[in-house]
Protein chains: 2
Amino acid sequence: MNTTEVRIVEVGARDGLQNEKTLLPADVKIALIDRLSSTGLKTIEATSFVSPKWVPQLADAAEVFRGIRKVPGVSYPVLVPNEQGYQRARDVGATEIAVFTAASEAFNQKNIHASIDESIERFIPVLERAKADGVKVRGYVSTVLGCPYQGDVPVGDVVRVARRLYELGCYEVSLGDTIGVGTPAKARAMLHAVAQELPISALAVHFHDTYGQALANILACLDEGVRVVDSSVSGTGGCPYAKGATGNVASEDVVYMLHGMGVHTGIDLDLLIATGAWLAAQLHKETASRVTKARTAV
Amino acid sequence: MNTTEVRIVEVGARDGLQNEKTLLPADVKIALIDRLSSTGLKTIEATSFVSPKWVPQLADAAEVFRGIRKVPGVSYPVLVPNEQGYQRARDVGATEIAVFTAASEAFNQKNIHASIDESIERFIPVLERAKADGVKVRGYVSTVLGCPYQGDVPVGDVVRVARRLYELGCYEVSLGDTIGVGTPAKARAMLHAVAQELPISALAVHFHDTYGQALANILACLDEGVRVVDSSVSGTGGCPYAKGATGNVASEDVVYMLHGMGVHTGIDLDLLIATGAWLAAQLHKETASRVTKARTAV
């Protein structure tokens with residue numbers, strides 16, 4: 001691999017916390033995001049403007065977004081499911097949003113009772129308003145390497161959905177192995193197929209470590225040319241489809257690997273480890289970061 | 001990576017158990033090894049004929065080795081530190097042994113109060129007897145990517161030690177990242193350097209997952225051409241230099257990755273998972289295999 005720079009998209013405060021049972025008060029979330037921005041991270045997903053009924057953990061989205069210190073040069077995307085969410089996000093000054101769909105028909109049907117195409121249609125008004133407002137949009141495609149309901153997901157479906165999000169104006173499309181079943185050769189082949197249709201510079205990878213494969217998958221995708229990696233500090237966030245299993249890959253472990261390979265991330269790993277350890281204490285759980293476990297073991 | 005076959009060297013019954021505090025009775029160890037051979041594994045490190053004073057867990061080496069069912073086509077190497085150990089191993093019929101040293105001067109001094117060269121000299125009589133007896137010898141080189149005492153380990157030292165073991169008659173040299181600090185580019189560069197001096201078909205890699213890097217390192221080394229991987233069922237074995245941290249990479253997770261990549265191992269993954277879960281229960285600890293955790297999570 002010949003690369004000097006990788007951008008980490010830190011998703012712990014949204015994708016991570018959304019799957020944590022311990023409810024954190026808004027001031028702790030604000031402290032988390034402020035700590036994260038002090039590590040040198042340039043993209044920190046801050047919260048989600050979904051209905052509080054769906055995700056009670058993030059019911060305080062407006063308060064959190066208002067409360068965080070906006071560091072110049074750092075993006076704070078927020079998840080937005082529909083126009084109401086978009087309006088709430090804009091009301092507090094969000095300048096970057098994220099939208100999400102799945103590459104699996106069965107997953108979309110189970111989760112939002114819509115087909116893939118319908119799910120994309122639903123956020124076209126959001127994308128149109130974002131374009132008019134000069135708001136950047138990141139797109140998530142989940143279940144790119146497997147689905148808890150339909151099993152295998154055809155690569156062609158991943159390509160189609162990713163291309164559609166890109167055509168609709170997403171500056172970056174994050175390809176997510178939601179259930180963590182993927183292995184390196186499949187991950188790389190999937191990325192390769194998508195990169196035939198849209199620029200690899202517009203792609204990110206998002207791996208869950210449920211089967212312990214996340215770093216190997218990231219390595220394979222770096223070899224394929226991706227330069228943006230989603231991860232979650234302290235590995236925050238479980239796997240909603242396998243309770244007790246690990247969810248998002250830990251940012252600390254990704255950064256440790258990258259720095260060990262001579263790749264520049266702009267992140268202070270020691271500060272990131274300290275932030276992850278602090279968050280784990282707030283959540284009353286053991287960190288899922290191997291690096292942090294190794295560093296703090298005696 | 002273009003490969004169809006990888007051989008897993010299962011080290012759980014020796015390298016793994018040696019670092020576990022819970023003492024297992026001989027009949028449980030025998031059951032473990034017999035279960036492992038039923039999975040299709042072709043190389044199963046069985047025990048160690050070191051002094052029982054050093055490793056109380058393996059004081060029953062002779063009883064265990066005598067008790068296991070010797071499946072035709074399966075190798076059961078045993079660790080041997082010196083001529084006394086060799087004699088004990090031969091007395092119970094061992095036909096393959098393993099010897100070990102470190103690539104780090106500081107590590108050898110701390111552990112056996114000898115230089116690298118002295119440590120190698122010490123087992124030359126063992127290697128001579130093995131050659132005369134037609135006994136196969138596997139060589140371990142530890143601390144190939146870092147040392148708990150001296151930190152960095154020069155690649156030249158790894159190359160020199162590996163070459164010496166090979167010249168002395170080891171049919172295979174296993175390169176071990178004992179403290180698990182290595183990252184993929186360094187792992188690959190180290191392997192590449194060693195492979196300039198001896199055939200890559202005579203090399204194995206042995207990663208500890210202390211920093212979560214093991215599978216990524218294995219992937220990088222597979223790309224470099226290695227086809228033999230050491231691992232430990234259920235990730236058995238802690239890290240003696242970072243208590244509470246993970247040790248050996250779990251065989252289940254390695255096999256899951258390999259099978260997902262279309263690589264043939266000859267191993268029945270379901271049987272391996274069942275064996276690891278059973279062993280974890282015997283040790284009264286949670287499995288360190290992510291795959292097993294994900295499969296058994298509800």
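Up top you'll find the structure we're talking about.
Described below are features of the structure shown in this document. (Residues numbered from 1 in each chain as written. Chains lettered and ligands numbered in written order. Predicted model: local features only at pLDDT ≥ 70, side-chain atom pairs only at ≥ 80, totals over all residues. Heavy atoms only, no water.)

All names here are of chain B. If you walk across this open sheet you meet the nine strands as β2-β1-β9-β8-β7-β6-β5-β4-β3, and the pairing is parallel. Lying at the two open borders of the sheet, with one neighbouring strand each, are β2 (43-44) and β3 (47-48). For β3 and strand β4 (residues 78-79), the ladder comprises two bridges, and the chain directions are parallel. Within the sheet, the bridge partner assigned to Ser-48 lies in β4 and is Leu-79. The strands touched by helix α10 (residues 214-224) are β7 (172-177), β8 (203-207) and β9 (228-231); relative to β8, the strand with the most contacts, the crossing angle is about 165°. (Pairing = 2+ DSSP bridges. Helix = DSSP H or I, 4+ residues; strand = E, 2+ residues; numbered from the N terminus. Contact = heavy atoms within 4.5 Å. Axes fitted to C-alpha atoms, helices over the stretch in contact; angles between N-to-C directions.)

Residues and elements named next belong to chain B. For β7, a buried count of six out of six residues is recorded, marking the element as mostly surrounded by other parts of the structure. In β7, alternate side chains face the same way, and those of Glu-172, Ser-174 and Gly-176 on one face and Val-173, Leu-175 and Asp-177 on the other are all buried. When strand β6 (residues 136-142) meets β7, the two strands line up parallel, connected through four bridges. Of the residues in β7, the one forming a bridge with Tyr-140 is Ser-174. Handedness of the crossover is the feature at issue here: the chain leaves β6, passes through helix α8 (residues 155-167), returns alongside β7, and the resulting connection is right-handed. Note that β7 and β8 share five bridges and pair parallel. (Buried < 20%, exposed > 50% of the residue type's maximum accessible area, 1.4 Å probe, protein only. Right-handed = clockwise from strand over helix to strand, strands pointing away.)

The subject of this paragraph is the pattern of salt bridges. Where charged atoms from two side chains of opposite charge approach closely, those side chains can pair. Residue and element names in this part refer to chain A. Enumeration over the complete set of coordinates arrives at 32 salt bridges over all chains. In this structure, the salt-bridge partner of Glu-83 is Arg-129, at a minimum N-O distance of 3.8 Å. On the criterion of sequence distance, the pair formed by Glu-83 in helix α4 (residues 83-91) and Arg-129 in helix α7 (residues 124-133) is long-range, its members being 46 residues apart. One salt-bridge network, in which partners are shared between bridges, spans Arg-7, Arg-138, Glu-172 and Asp-230. (Salt bridge = Lys/Arg side-chain N within 4 Å of Asp/Glu carboxyl O.)

Under the definition given, this model contains two cavities of 30 Å³ or more. In this structure, the largest cavity occupies an estimated 140 Å³ of space. Lining the largest cavity are 16 residues; nearest its centre among them are Asp-209, Gly-212 and Arg-290 of chain A together with Asp-209 and Gly-212 of chain B. Of all the elements in the fold, those that place two or more residues in the lining of the largest cavity are α10 (214-224) of chain A together with α10 of chain B. In terms of residue count, the dominant contributor to the lining of the largest cavity is α10 of chain B (three residues). By residue class, the composition of the lining of the largest cavity is seven nonpolar, three polar and six charged. For the second largest cavity, the full set of lining residues is Arg-290 of chain A together with Asp-209, Gly-235, Thr-246, Asn-248, Val-249, Ala-250, Asp-253 and Ala-288 of chain B. (1 Å grid on protein atoms, 1.4 Å probe; cavity = no way out; pocket = protein on both sides within 12 Å on 5 of 7 lines; lining within 4 Å. Points joined across faces, edges and corners; volume = space filled by probe spheres on them. Nonpolar A, V, L, I, M, F, W, Y, C, P; charged D, E, K, R; others polar.)

Glancing now at the sheet that holds strand β7 (residues 172-177) of chain A. By way of backbone hydrogen bonds, the strands of a sheet pair with one another, either parallel or antiparallel. One open sheet accounts for nine strands, arranged β2-β1-β9-β8-β7-β6-β5-β4-β3 (chain A); its pairing is parallel. Strand pairing shows two members of the sheet lacking a second neighbour, β2 (43-44) and β3 (47-48) of chain A, which therefore form its edges.

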